[in-house]
Amino acid sequence: MWMLRSARSRGAMVVAGAGELPPGLRGFVQRLPAIGMKEEPVLRSGPGSPPPGTGVMRSVRQIILSCKTELAALQKCEPQFHPGLAIVQITDDDMLEVKKMAEEVGLRVVHICLPEGTATEKLLDEIMKLNEDPKIRGLVLPRSPVMSDEAINAVIPEKDVDGITDVNLGRLVRGNFNECFVPPTASAVIELLEQADLCTLGRKVLIVGDNSSQETVLQKLLQMEGMTVVSCQWQNRNIMELLHKNDVIVVTSPAPEGLGEEWINSDRTIITYNLSDLSSCSKRQDFQQGEPRSPHDGIGLLTAAMQIKNTVESSTRWLKQEQHKTWNLRPLKLQPTLPVPSDIEISRTQTPKAIGVLAKEIGLRPSEIEAYGSNKAKVKLSLLDRLKEQPDGKYVLVAGITPTPLGEGKSAVTIGLVQALTAHLGVNAFACVRQPSQGPTFGVKGGAAGGGYAQVIPMEEFNLHLTGDIHAITAANNLLAAAIDARILHEGTQSDQALYNRLVPTINGKRKFSPIQLARLTRLGIRKKIPDTLTPEEVSKFARLDIDPSTITWQRVVDTNDRFLRKMTIGLSSTEKGFVRETHFDIAVASEIMAILALTNSLADMKARLGNIVVANDQRGEPVTAEDVGVSGALAVLMKDAIKPTLMQTLEGTPVFVHAGPFANIAHGSSSVLADKLALKLVGKDGFVVTEAGFGADIGMEKFFNIKCRTSGLQPGVVVLVATIRALKMHGGGPNVTAGKPLSKEYTEENLKLVANGCSNLQKQIQIAELFGIPVVVALNVFKTDTEAEIDLACQIAKRSGAYDAVPCHHWAIGGRGALQLAEAVRQATDQKSSFRYLYDLKMPIVEKIRTIAQKVYGAEDIVLSPQAQSKLDLYVSQGFGELPICMAKTHLSLSHQPERKGVPSGFTLPIRDVRASIGAGFIYPLVGTMSTMPGLPTRPCFYDIDLDSDTEQIRGLF
């Protein structure tokens, strides 16, 4: 695009563009006389023309230099930030200069060349891929007849650096410049007018063309410069009159035949270009090497420079958006009533936000979630890559004192705390909780979504099936169990060669190893890859696992409390040819696969852990893994969706991740590492992620620190220790508390002596937290029968015992507003200096690690190992598993191994009955006393109260 600047106040200026010039204008350019010039020589078209002026190239170079400087400044703050420009090309337009400019600035260029005649569907597919690529910050489409409105408007506005989508043009016309891009063609016109000092108040401009939406945008921009703008089409009867009344004429489409040069007035400024053909640059000109040789070159270069400018602007906006800010979250209002209704009644009084709305409020993109209905969604792990440079938020762990069999409300405190932080204090806060098992839901405990006005909704969906993760774990677990027994059967009934032939069959005349089989060959030290080249000895070594059935540790699972599966005999059918053995079922959440899900850091990590599961020993005493059985890849397939955390919401519309639910007795009992990591990125450096540990601090918190924190690399800034007056009275000598039976009067009437005596357990749990160097805030979960005197006494003793603060919480009765005091205490505690440390070094002998936990955490005098336990320890050390952390499996109802001993027992020796290993999960778990991994149903289970309304399909009596 070229201009001729006159020394006179209203000299003629012709700017020739890439489309076809009006017939009269072509002749006018050729015969334009030389007049007084400020800087540029006269522009002449055709052979022998003098070199053009320097104005356009100066503008182009200034734009490129400015963009380069701006992008360098962004990358200095964010070294990993490398934005890209995608160029989609269908015609033979030359995009060389756009690419060169982008590379000069420092943009990464993705150039997609599609053949002529490409179907719209294919073009749309390419656009959709580029839309979803977070590294692409600008998308340039071809200007050609094949570009449909559908294709143009498929580009998301944030990447529409051509400024041609309807959304972008609409925002621009409305003056919303912070969320749109000025089309490069229009920017070029403004730039040229400014260079010619023609962007002045009151100057008259006529736009002649086909009255397109882009002309409307140009009209808006010129009006903003203070110019008077009129537009008309070539067919307008008054066009000649309009041409003579305006100072500047902008021609946006070729003139129809019949209009000659008689409409040209020598004292008019004329700009002509074609809005539909401006994304390309001529092959004849390099913007880095001198001046353009023709008007076509100049307009292409200037337009390309404006596209680069818009791409850098898009990158700047995106980076600012990614730098964390307070969520634009709309809390849901609560209307608490007294007496407090049942949990399910409360849940139904609230209408949850659509899950897509919640996702958008907390900064998730539509492409990062997979909706399961309207109330829950899986969140993709790709979010971690997108936010990898984002600082983590503050990490809060909710633990508890030794509980009664009724539980003390850790989940409710977790939910109440995040409701207080986000809905009432305007702080980004995420809750991360475990998925409840169907066993307790239909057994004794009932639902586990929090409680009262501090719960996850919809609570029916939370407690039943959710997104199918536990079903996936059950399927994967039982596939492995079936594979083990089938392998033993087939090895026992076939020769080496027959077994090998079936393991590596001939298909279509060819035999080959699967990738899993090749991995086994590598582990065995066999470097061959062609099946027919193995020696008989290698065939036997490869084909036979030689599993010792007496050492099988892998059990089948079911997510139901079924006591009659605690011991069983399998293989009694005649088809199993006498391969009979005793085994049992565990509850699904006790599966090692659940523990792996909770501890994994990525899909690749999970796949490796699944392969490392030790299911038995062979006849030589060597471990046999799921990888050896050949099923690890299939397990990963079954778990590929379960690895994604599930997004839900609290009663007050704040976000919750529900993910994993490992058994808190034989596993670590915490929600997943991945949920915590995703949440910490989403809340930002000033936000909070509140997660919980199972049971009391002596079990759940100790495992959280020594196992989960080692795996994740995360360190909490504060521990919230949940206590209740009920539990304190129990530890102070109160009568037994039994699920399903009414509480004794000691628990419903004021009794300060029992509270004071029971605070010994609270003091001990505070001391346990101090072992790890983390400040403690005590959250006293208040029940309606608690008195002010009892509450004050418990809080005073807690603070005297070393807690940073101790506050009463009323979230159950009134929601987040009832946990505001706790929220403020947690905010202040996280500002305190902490000195996190692990309890033991992993290189310590296994027995010493067990002894350290028993003595420092439980208060035991010493430990004693059974001969069976000692034998197992020796075996695990010989197999190379001696440096794994310890996951103690003991009762949660006492600091000791005896559930009936309350308060702070002393003088006891901790018996270690057996020791087992979860190698895939990555820990050794000693069994203290008798531990059941399959709960049983009581005389009157919860399912007596659960029913379905056949008319409304509403669930009744869940909790």
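Below is a summary of the structure that appears in this document. On a predicted model such as this, the values are computed, not experimentally measured, just so you know. (Residues numbered from 1 in each chain as written. Predicted model: local features only at pLDDT ≥ 70, side-chain atom pairs only at ≥ 80, totals over all residues. Heavy atoms only, no water.)

**A few points about the pairing of strand 25 (residues 688-692)**
Among the 5 residues of strand 25, 5 are classified as buried, and the element is accordingly described as predominantly covered. Neither face of strand 25 is exposed, since F688, V690 and E692 on one face and V689 and T691 on the opposite face are all buried. Summarising the sheet, strand 11 (residues 394-400) and strand 25 pair through 5 bridges and their orientation is parallel. By the bridge assignment, Y395 is partnered in strand 25 with V689. Pairing geometry for strand 12 (residues 429-433) and strand 25, over 4 bridges, is parallel. (Buried < 20%, exposed > 50% of the residue type's maximum accessible area, 1.4 Å probe, protein only. Helix = DSSP H or I, 4+ residues; strand = E, 2+ residues; numbered from the N terminus. Pairing = 2+ DSSP bridges.)

**Thoughts on the environment of H659**
With respect to the element layout, H659 can be found in the loop between strand 24 (655-658) and helix 25 (673-683). Take H659: its relative accessible area is 0%, and that puts it in the buried class. On a C-alpha basis, the gap between H659 and S671 in space is 5.7 Å, while along the polypeptide they are 12 residues apart. When sequence neighbours within four positions are dropped, the list of residues in contact with H659 reads V433, R434, Q435, D469, L597, A642, I643, K644, P645, S671, S672 and A675. A polar atom in the side chain of H659 sits 3.4 Å from the backbone oxygen of I643. For H659, the side chain forms a polar contact with the side chain of S672, separated by 2.7 Å. (Contact = heavy atoms within 4.5 Å. Polar contact = N/O pair within 3.5 Å; in protein donor to acceptor, adjacent residues only side chain to side chain.)

**Concerning helix 6 (residues 166-173)**
Of the residues making up helix 6, those classed as buried are N168, L169, R171 and L172. Down the axis of helix 6, the buried side of the element spans an arc of 160°, and every buried residue falls inside it. The inward-facing, buried residues of helix 6 contact helix 8 (213-224). Positive phi shows up at G175, right after helix 6, with a value of about 85°. (Arc of directions from axis to C-beta.)

**Overview of the sheet that holds strand 29 (residues 862-865)**
Strand order in this open sheet of 3 strands is 29-30-31, and the pairing throughout is mixed. Looking at strand neighbours, the two that pair on one side only are strand 29 and strand 31 (923-928), the edges of this open sheet. Averaged over all neighbouring strand pairs, the angle between strand axes comes to 50°, with direction disregarded. Pairing analysis gives 6 bridges linking strand 30 (residues 909-918) to strand 31, with the strands arranged antiparallel. Bridge pairing links I912 to V928 in strand 31. (Axes fitted to C-alpha atoms, helices over the stretch in contact; angles between N-to-C directions.)

Keep in mind these values describe shape, not function.
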